[in-house]
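Take a look at the letters that make up each chain.
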Amino acid sequence: AERFLDQGDVSTLFHEPYAYFTCASLAATLREGGTRGLRIRRSRFSKLIFATLRFDGPQSEDIAFDRSLASSMALAHGFRNKVTRTAGRIAGFLADARAFGESVAIYVPARFANYVMLAELSLEGVRFFDDSPAMQGRYFPGIAVPIESGEALIANPCQRVLIMSTSFGAKIKARIAGLLPSNIRITLLDELP
């Protein structure tokens, strides 16, 4: 979850396990457990890291470090401040839309739900959308906004769309941009000012 931690993305706590690793911290943890032949790689598909290891054989390691263990620890300690900053950016985006009387579509709302409570966000003019049929027609606890399908957004668009997925956001944006009117502003989480 290194990139999610680096972005201050509190939504990662909603659906991920509570053990977060960078390449360096995962290697340190596995070494402490007595592993040998450790190999760690970052996924080309998502922002996850994968490790293969064994407890016997040669000591050789093949680890693609992109930060030191000390830097990894600093990243973890700075997460709370980054979460606060990200929550503020989202709150600013929503406030700006409200000031212009614009409705907002939140695409992939599971990654948004924690921010609602954390930043006490107003959901006036906000609608939720997700491509998963299992999510559609449901609600998050304490949030009275139903989750609609992507087709519902196309049929009845909002003036702004905020895509909360950092893993698949660019793909979602590319797909829906061609289906929505050209005056609809589509923003990725990491594009927020």
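Let's talk about the pairing of strand E5 (residues 126–129)
Consecutive side chains along a regular strand alternate between the two faces of the sheet. With burial as the criterion, each face of E5 is covered, one bearing Val 126 and Phe 128 and the other bearing Arg 127 and Phe 129. One ladder, built from 4 bridges, connects strand E4 (residues 104–107) with E5; its direction is parallel. If you follow Ala 105 over to E5, its bridge partner there is Arg 127. For the handedness criterion, the β-α-β arrangement of E4, helix H5 (residues 113–118) and E5 is classed as right-handed. Inspection of the sheet shows E5 paired to strand E6 (residues 147–148) by 2 bridges, in the parallel sense. The residue of E6 that forms the bridge with Phe 129 is Glu 148.

Considerations on the confidence of the model for the protein
Mean pLDDT over the protein stands at 86; residues scoring 70 or higher make up 92%. Looking over the protein, one finds the lowest element-wise mean pLDDT in helix H2 (residues 12–15), namely 61, and the highest in strand E7 (residues 160–163), namely 98.

Points about unusual backbone geometry
Positive phi, close to 65 degrees, is recorded for Val 108, a residue that is not glycine. Mapped onto the elements of the fold, Val 108 is located in the loop between E4 and H5. The exposure class of Val 108 is buried, given its relative accessible area of 15%. Of note, the phi angle at Glu 120 is positive, near 50 degrees, even though the residue is not glycine. Relative to the helices and strands, Glu 120 resides in the loop between H5 and E5. When its relative accessible area of 71% is taken as the criterion, Glu 120 is described as exposed.

As for the sheet that holds E4
Read from one edge to the other, the open sheet built from 5 strands follows the order E6-E5-E4-E7-E8, with strand pairing classed as parallel. Each end of this open sheet is capped by a strand with a single partner; those strands are E6 and strand E8 (185–188). In this structure, E4 lies alongside E7, joined through 4 bridges in parallel fashion. Of the residues in E7, the one forming a bridge with Val 104 is Arg 160. Helix H4 (residues 69–99) rests against E4, E5, E7 and E8 of the sheet, and its axis sits at about 170 degrees to E7. The sheet strands contacting helix H7 (residues 169–177) are E4, E7 and E8, and the helix crosses E8 at an angle near 170 degrees.

Some words on H7
Within the sequence span of H7, burial applies to Gly 169, Ile 172 and Ile 176. Viewed end-on, H7 has its buried residues packed into an arc of 65 degrees, placing them on one side of the element. The exposed residues of H7 that point more than 90 degrees off its buried face are Ala 170, Lys 171 and Ala 174. Elements that come into contact with the buried residues of H7 comprise E4, helix H6 (150–155), E7 and E8.

What counts, and where the lines are drawn
- Residues numbered from 1 in each chain as written.
- Predicted model: local features only at pLDDT ≥ 70, side-chain atom pairs only at ≥ 80, totals over all residues.
- Heavy atoms only, no water.
- Buried < 20%, exposed > 50% of the residue type's maximum accessible area, 1.4 Å probe, protein only.
- Helix = DSSP H or I, 4+ residues; strand = E, 2+ residues; numbered from the N terminus.
- Pairing = 2+ DSSP bridges.
- Right-handed = clockwise from strand over helix to strand, strands pointing away.
- pLDDT = per-residue confidence, 0-100.
- Contact = heavy atoms within 4.5 Å.
- Axes fitted to C-alpha atoms, helices over the stretch in contact; angles between N-to-C directions.
- Arc of directions from axis to C-beta.

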